[in-house]
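Given next are the chains, with one letter for each unit.
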Amino acid sequence: MSWWRSKTQKQTAAGVGMTDNPDFPLIRLEGVTKIFKGDADDETRALSDLTVDIGRGEYVTVSGPSGCGKSTFLSILALLDSPSAGKYWLSGRATGDLSPSERARTRNVDVGLIFQSFNLIGDMSIYENVEYPLTVRGASAADRRQRVEAALERVGLTARAKQRPGALSGGHQQLVAIARAFAGRPPILLADEPTGNLDSKSGAAVMKMLDELHADGATVCLATHNPDYIARAERHIYLFDGRMVDTPVG
């Protein structure tokens, strides 16, 4: 059994907050475009007419040169941003129809995020940062303790549990964000260069955790430049100038 699940608490791959629709893939983007407005008439087209499906339980990598739109793609999947045009369905539900509270609940319950901005709460300890999403979700005290302790042990931060994020290096802060995501046992994990601030040993441990999460039924979408990590995935999405391309560029 995987380190992060207990037999009595195992979730389904469809998640807790999502209403599963078997006629749809887990994730469907249709004609999605994202434009960022600048000063005057200046604009940046981060994504352009992107159409892609991601099935339940898939392990997908997203790769391409810097500025190709990988982070924007993941932000839209995570409901942190919305398309300027096109449609995004999550488990058969049009995300454009979700209220702000529904979007927030979906992020908290169904989606684990490991992004380059760690979004740690400075006034909380490392332990409390990892525990906080579980508290919001209503997990019991015993369940929270089991999950947090297991996640911190796995990333090697048990001894730092009482410290605050400001006392940690960038690499250790990234490990806290990783522990927080894994403690939630998400049915969907979105990771943007999750090993970017880590040494090779820690990076290998994190990638093993991703493998275990996927083996237990989760859908994993990983943005990375690392060819070894790309090779681990079942499927690859290549982006260039915000568009999907058939082969890697750059």
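Residues numbered from 1 in each chain as written. Predicted model: local features only at pLDDT ≥ 70, side-chain atom pairs only at ≥ 80, totals over all residues. Heavy atoms only, no water.

## Comments concerning the overall build of the protein
Now for step 1: When its secondary structure is counted, the protein shows seven helices and ten strands.
Now for step 2: Against the compact-globule benchmark of 18 Å for 250 residues, the protein has a radius of gyration of 18 Å, which places it among compact chains.
Now for step 3: For the C-alpha atoms alone, the extent of the protein along its principal axes is close to 50 × 40 × 35 Å.
Now for step 4: When each of the 250 residues of the protein is scored for burial, the buried share is 50%.
Now for step 5: In the protein, of all internal contacts separated by at least 6 residues, the share reaching a separation of at least 24 is 73%.
Now for step 6: Counting 29 positive and 30 negative side-chain charges, the protein places the centres of these two groups 7 Å from one another. (Helix = DSSP H or I, 4+ residues; strand = E, 2+ residues; numbered from the N terminus. Rg over C-alpha atoms; globule rule 2.2 N^0.38 Å. Buried < 20%, exposed > 50% of the residue type's maximum accessible area, 1.4 Å probe, protein only. Contact = heavy atoms within 4.5 Å. Lys, Arg positive; Asp, Glu negative; His and termini not counted. Charge placed at Lys NZ, Arg CZ, Asp CG, Glu CD.)

## Topic: the pairing of strand β4 (residues 85–90)
Now for step 1: Across five bridges, the pairing between strand β1 (residues 27–37) and β4 is antiparallel. Following the sheet pairing, threonine 33 is matched in β4 by alanine 85.
Now for step 2: The pairing of β4 with strand β5 (residues 93–94) spans two bridges and is classified as antiparallel. Residue pairing in the sheet places tryptophan 89 in a bridge with alanine 94 of β5.
Now for step 3: Following β4, the chain reverses through two residues before pairing antiparallel with β5; serine 91 in that reversal takes a positive phi of roughly 55 degrees. (Pairing = 2+ DSSP bridges.)

## Focus: the sheet that holds strand β9 (residues 235–240)
Now for step 1: One open sheet holds the six strands; their spatial order is β6-β7-β8-β3-β9-β10, and the pairing between them is mixed. Taken across any chain shown, the strands that pair with only one partner, and hence form the sheet edges, are β6 (111–114) and β10 (243–245). The mean angle between the axes of side-by-side strands here comes to 20 degrees, regardless of whether they run parallel or antiparallel.
Now for step 2: Bridging between strand β3 (residues 59–63) and β9 involves four bridges; their strand directions are parallel. Of the residues in β9, the one forming a bridge with threonine 61 is histidine 236. (Axes fitted to C-alpha atoms, helices over the stretch in contact; angles between N-to-C directions.)

## Some points on the sheet that holds strand β2 (residues 43–54)
Now for step 1: A sheet is described by the order of its strands in space; here four strands give the open sequence β2-β1-β4-β5, paired in antiparallel fashion. Taken across any chain shown, the strands that pair with only one partner, and hence form the sheet edges, are β2 and β5.
Now for step 2: Here eight bridges tie β1 to β2, and the two strands are oriented antiparallel to one another. When the bridges of β2 are listed, arginine 28 appears paired with aspartate 53.

## A few points about the nonpolar core
Now for step 1: The biggest cluster of nonpolar side chains holds 36 residues, and the ones touching the most others in it are Leu152, Ile178, Phe182 and Leu210.
Now for step 2: Listing elements by their share of this core, those giving two or more residues are α3 (126–137), α4 (141–154), α5 (170–183), β7 (188–192), α6 (200–215) and β8 (219–223).
Now for step 3: Per element, the largest residue contribution to this core is eight residues, and it comes from α5.
Now for step 4: When near neighbours in sequence (up to four residues on either side) are disregarded, leucine 210 contacts Tyr59, Phe182, Leu189, Val220 and Leu222.
Now for step 5: Listed in part, the 28 residues of the second largest apolar core include Tyr88, Leu90, Ile188 and Leu239. (Core = buried A, V, L, I, M, F, W, Y, C linked by side-chain atoms within 4.5 Å.)

## Thoughts on helix α2 (residues 100–110)
Now for step 1: Where α2 is concerned, the buried positions are Arg103, Thr106, Val109 and Asp110. Looking down the long axis of α2, one finds its buried residues gathered within 145 degrees of arc, a one-sided arrangement. Facing away from the buried surface of α2 by more than 90 degrees, the exposed residues are Pro100 and Ser101.
Now for step 2: Residues of α2 that are buried make contact with β4, β6, α3 and β7. (Arc of directions from axis to C-beta.)

## Some points on the layout of surface pockets
One water molecule sets the probe size; rolling that probe over the atoms shows where empty space is left.
Now for step 1: Taken as a whole, the largest pocket encloses approximately 520 Å³ of empty space.
Now for step 2: Along its surface, the largest pocket is lined by 27 residues, and Arg107, Asn108, Leu113, Pro133 and Arg180 are the ones closest to its centre.
Now for step 3: Put simply, the parts of the chain that give the lining of the largest pocket at least two residues each are α2, β6, α3 and α5.
Now for step 4: Ranked by residue count, the leading element in the lining of the largest pocket is α3, at seven residues.
Now for step 5: The class makeup of the residues in the lining of the largest pocket is 18 nonpolar, six polar and three charged. (1 Å grid on protein atoms, 1.4 Å probe; cavity = no way out; pocket = protein on both sides within 12 Å on 5 of 7 lines; lining within 4 Å. Points joined across faces, edges and corners; volume = space filled by probe spheres on them. Nonpolar A, V, L, I, M, F, W, Y, C, P; charged D, E, K, R; others polar.)

## Focus on the environment of glycine 112
Now for step 1: Tracing the backbone shows glycine 112 in strand β6.
Now for step 2: A residue is classified by how much of its surface remains accessible, and glycine 112, at 5% relative accessible area, is buried.
Now for step 3: Sequence separation between glycine 112 and proline 186 is 74 residues; the distance between their C-alpha atoms is 5.3 Å.
Now for step 4: Each residue touching glycine 112, except ones within four places of it in the same chain, is listed here: Ala181, Pro186, Ile188, Leu189 and Leu190.

Don't take any of this as a statement about function, it's just geometry.
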